[in-house]
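Take a look at the letters that make up each chain.
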Amino acid sequence: MFQRQDKNSGIPFHQSWNDPDDKYDKPSIVVHSQPRMRIRFRHVVIMLGVFAVSYLAVRSSSTTDSADSSLSSLRGRLQGTSNRISKRPTAVSSTSPELWDERKDRVKAAFKDAWGAYRRDAWGKDEYHPISKQGTNMIRNGQGFTIVDSLDTILLMGLTEEFEEAKAWVRDELDFNQDGEVNLFETTIRVLGGLLSAYDQSGHDQIFLTKAVDLADRLMGAFKTTSGIPYASVHLESGHGVPGHEGGISTTSEVSTLQLEFKYLSYLTGDDKYWRVAEDVIMKMKELDSLDGLVPIFINPYSGQFHGSEIRLGSRGDSYYEYLIKQYLQTSKTEPVYKEMFDHAIAGVKKHLVGRTIPNNLLFIGEISKYAPSSLSPKMDHLVCFLGGTMALSSTEGRTLNNKTFPRSTFTGVEEEDFKIGEELTEACYEMYRQTETGLAPEIVYWVKDKEQIVGKSEVEHTPGSDFIINDMDGHNWLRPETVESLFYMWRFTGDEKYREWGWNIFEAIETYSKVSTGGYSSIHDIRRKKHIQFSDKMETFFLAETLKYLYLLFGPNDQFPLDKYVFNTEAHPLPIFDPPKHLLQRAKDDRDDEFAKAAAAAEAEAAGMFDKVNDAGSSEEQLAAADEVDQALSELAVEDDSADTEEVPEVEVEYEESPEDGLAAEGTEGEVAEEEEEGEEEATTEGADSDTSDDSLL
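All of these numbers come straight from a predicted model, not from anything done at the bench.

## So, the overall build of the protein chain
Scanning the protein chain from N- to C-terminus turns up 23 helices and 22 strands. Going through the 699 residues of the protein chain one by one, you find that 59% of them count as buried. Within the protein chain, counting contacts between residues at least 6 apart in sequence, those at least 24 apart form 70% of the total. Carbon and sulfur atoms form 50% of the exposed surface of the protein chain, whose accessible area is close to 28,000 Å².

Written out as structure tokens, the structure is:
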């Protein structure tokens, strides 16, 4: 009987035009007290009746739903009639600065708790296991993963004593002259990036730059290949590159997520060798065939060609795209080729990878094979959530939107479209948290774009009213940063308080379920049921380096690391934007450069409007009719999910020693350093044994 006046109004109106109680259609009149009491009584009776009917309907729906064989139950789950998922979040009112200061201090307290537990149980070790209260190393004496990765977070939070102690360890204990193999990508983004950021933030303390040069010189050996595409690993003591993964293949993100760090080091030292090897990798990749700027997730360092057909913006592929736009910004927009490559790739994303969910019409980024680009898989790693903030960064180039000095109306059509996708993807990533029982996101979801996908699924796998499925192997949470990273970017660019509120909700869920009573925070095996939480006994270094840093910045003042002055590497280490000397910008003119720019522009023009087509897909019923035939049944997706690329979550005890020939085939087994989807699966070793870091994913 009651409806809404329009889509945006919460005011109900009565449809009976002859009803004497229709106060929304008639002029205001003076109402005596007695009629007012009768109206209230009638409304109370109506409300009680509605409540009783609703209660009986819910009980009936629950009974029917439990059978899981009724078509009406299935329809209810799709349409949310049994709606276990509350309504999507709406805009929030402005919160006082004092409250945000308190929340920022809560994040700082969380960092101090985690750091204190690490210092007590595992000081100097690469990684920390808070349940067993011990640390482990990737190589015999470690390479400073936790300490170096945390340096700039410690500086940001003003923890002077902690910084001085950590600096002393770097000065006196950190030694890269070790007999052990390390992953090029992971070591670059965490250790080299951490040292360079600490150098910048500490007022140019020479200790950090000296260590950075020593490390980078050892990593240079990985680039000594026939193609110039680096090996996945390097032996620190000898400086020799080491082939990684099965058949010596490298991942795309491993070889293309080194450039910010190596180029900044050349700028600081005046030695252009770091710049040249890193730049050559991207220039060689630019010459290879792509699908509208989208590239496979593996590359062969022997032939210099891409390997395989999988295309995704999650593990092994993500930060290739991230570093394109950030290289353009890092050198003060003096290298437009990287902007062209990024725009070309995003045109491909809009053409091939964007999908919509039911029932809430969320935007997601799926996966494809280059041989079947029309067959969009709804699988999405949490890692993909970096893209929302990165697309907004591209549209704004780091500037904050402002009605007077930088209004959104000044965006080009493409910039507006990209920013809009960034907003919608960031919301979908937040929904990955909000729609779970614990408020924590899983590692992987399969978005529901077709009703057949949830047939036969339990409520643990698909919560009624939810937009995604969480398979049994995908429910783990490693305290990843990508969603809060995008929330941070969106808050900085728009000033919309909802992004801060969403971040606070995520932080509270972390505090509730991931905090260890004896100190520290742990990854979780399965976040789908709050009464069955089991710790994985590992506190990833990126929790300190990225997740807590982005939350602290999200709740703090906007003058810390302004985004038109700094770029964050994929491990959240802020590096200053600089004007490179001319000799670093000089490289041989490739006749194909102009050709590439034209091709990129053509692809962008072709992709124009693709987002609108997806956005205009219409209601859930229309989406069902237009769903991709290839992904009709989740059973087909399950075949992909059980393939060799599927990683299992390791049990509590994590060991690192394995033989080098295990390679990619060993992914997902006990004994692996479980980092694959994030920043490179590290299959490393202790006691100087061989290490093989496999993946990459990038933060």
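## Brief notes about unusual backbone geometry
In this chain, Ile-358 is followed by Pro-359 through a cis amide linkage whose omega measures 10 degrees. The residue Asp-292 is not glycine, and still its phi comes out positive at about 55 degrees. Following the sequence through the fold, Asp-292 ends up in the loop between helix H10 (273-287) and strand S9 (298-299). Residue Arg-316 is not a glycine yet carries a positive backbone phi of 75 degrees. Topologically, Arg-316 is positioned in the loop between strand S11 (310-311) and helix H11 (318-330).

## Let's talk about the pairing of strand S17 (residues 444-447)
Side chains Ile-444 and Tyr-446 project from S17 onto one buried face, and the interleaved Val-445 and Trp-447 project onto a second face that is buried too. Two elements, S17 and strand S18 (residues 468-469), share 2 bridges in a ladder whose sense is antiparallel. If you follow Trp-447 over to S18, its bridge partner there is Phe-468.

## Considerations on the sheet that holds strand S16 (residues 379-381)
Reading across from one edge, S16-S17-S18 is the order of the 3 strands in this open sheet, with antiparallel pairing throughout. The sheet terminates laterally at S16 and S18, the two strands that pair on one side only.

## Details of the sheet that holds S11
On the basis of which strands lie adjacent, the open sheet formed by 3 strands has the order S11-S14-S15 and antiparallel pairing. Where the open sheet ends on each side, the last strands, each with one partner, are S11 and strand S15 (372-377). Pairing between S11 and strand S14 (residues 367-369): 2 bridges, direction antiparallel. Counterpart to Ile-311 in the pairing with S14 is Ile-368.

## Focus: helix H5 (residues 160-172)
With 13 residues, H5 should reach 18 Å at 1.5 Å per residue; the first-to-last C-alpha distance of 18 Å fits that figure. Taken together, the buried positions of H5 are occupied by Glu-162, Phe-163, Ala-166, Lys-167, Trp-169 and Val-170. Buried positions in H5, seen along its axis, are confined to an arc of 155 degrees and lie on one side of it. In H5, those exposed residues whose orientation departs by more than 90 degrees from the buried face are Thr-160 and Glu-161.

## Some details on the state of the cysteines
Inspection of every chain in the model, using the stated rule, returns 1 disulfide. The disulfide partner of Cys-385 is Cys-429, and the gap between their sulfur atoms is 2.1 Å. Taking the torsion about the sulfur-sulfur bond, which here is approximately -100 degrees, the covalent link between Cys-385 and Cys-429 counts as left-handed. You can see Cys-385 sitting in the loop between S16 and helix H13 (386-396) and its partner Cys-429 sitting in helix H14 (residues 413-434), a full 44 residues away along the chain. Side by side, Cys-385 and Cys-429 carry an identical accessibility label, which is buried.

## Re the pairing of S15
Here 2 bridges tie S14 to S15, and the two strands are oriented antiparallel to one another. Across the sheet, Ser-369 pairs through a bridge with Ala-372, a residue of S15.

## Quick look at the packing of aromatic side chains
What the rule picks out here adds up to 30 aromatic pairs. Here Phe-364 and Trp-447 contribute two aromatic rings whose centre-to-centre distance is 6.1 Å and whose plane-to-plane angle is 15 degrees, an arrangement assigned as stacked. Of this pair, Phe-364 sits in strand S13 (residues 363-365) while Trp-447 sits in strand S17, and the two are 83 residues apart along the sequence. The interplanar angle of 45 degrees and the centroid separation of 5.6 Å between the aromatic rings of Phe-411 and Phe-419 together place this pair among those described as tilted.

## Comments concerning the environment of Phe-568
Assignment of secondary structure puts Phe-568 in strand S19 (residues 566-568). Owing to a relative accessible area of 0%, Phe-568 belongs among the buried residues under this scheme. Along the sequence, Phe-568 and Ser-197 sit 371 residues apart, while their C-alpha atoms lie 9.5 Å from each other. Phe-568 has contacts with Leu-260, Glu-322, Lys-326, Phe-488, Tyr-489, Lys-549, Tyr-550, Leu-553, Phe-561, Leu-563, His-573 and Pro-574, leaving out every residue within four places of it along the chain.

Rules and cut-offs
Residues numbered from 1 in each chain as written. Predicted model: local features only at pLDDT ≥ 70, side-chain atom pairs only at ≥ 80, totals over all residues. Heavy atoms only, no water. Helix = DSSP H or I, 4+ residues; strand = E, 2+ residues; numbered from the N terminus. Buried < 20%, exposed > 50% of the residue type's maximum accessible area, 1.4 Å probe, protein only. Contact = heavy atoms within 4.5 Å. Areas by Shrake-Rupley, 256 points an atom, 1.4 Å probe, with all protein chains shown as cover. Pairing = 2+ DSSP bridges. Expected span 1.5 Å × (residues − 1). Arc of directions from axis to C-beta. Disulfide = S-S within 2.5 Å. Phe/Tyr/Trp six-rings, centres within 6.5 Å; stacked < 30°, edge-to-face > 60°.

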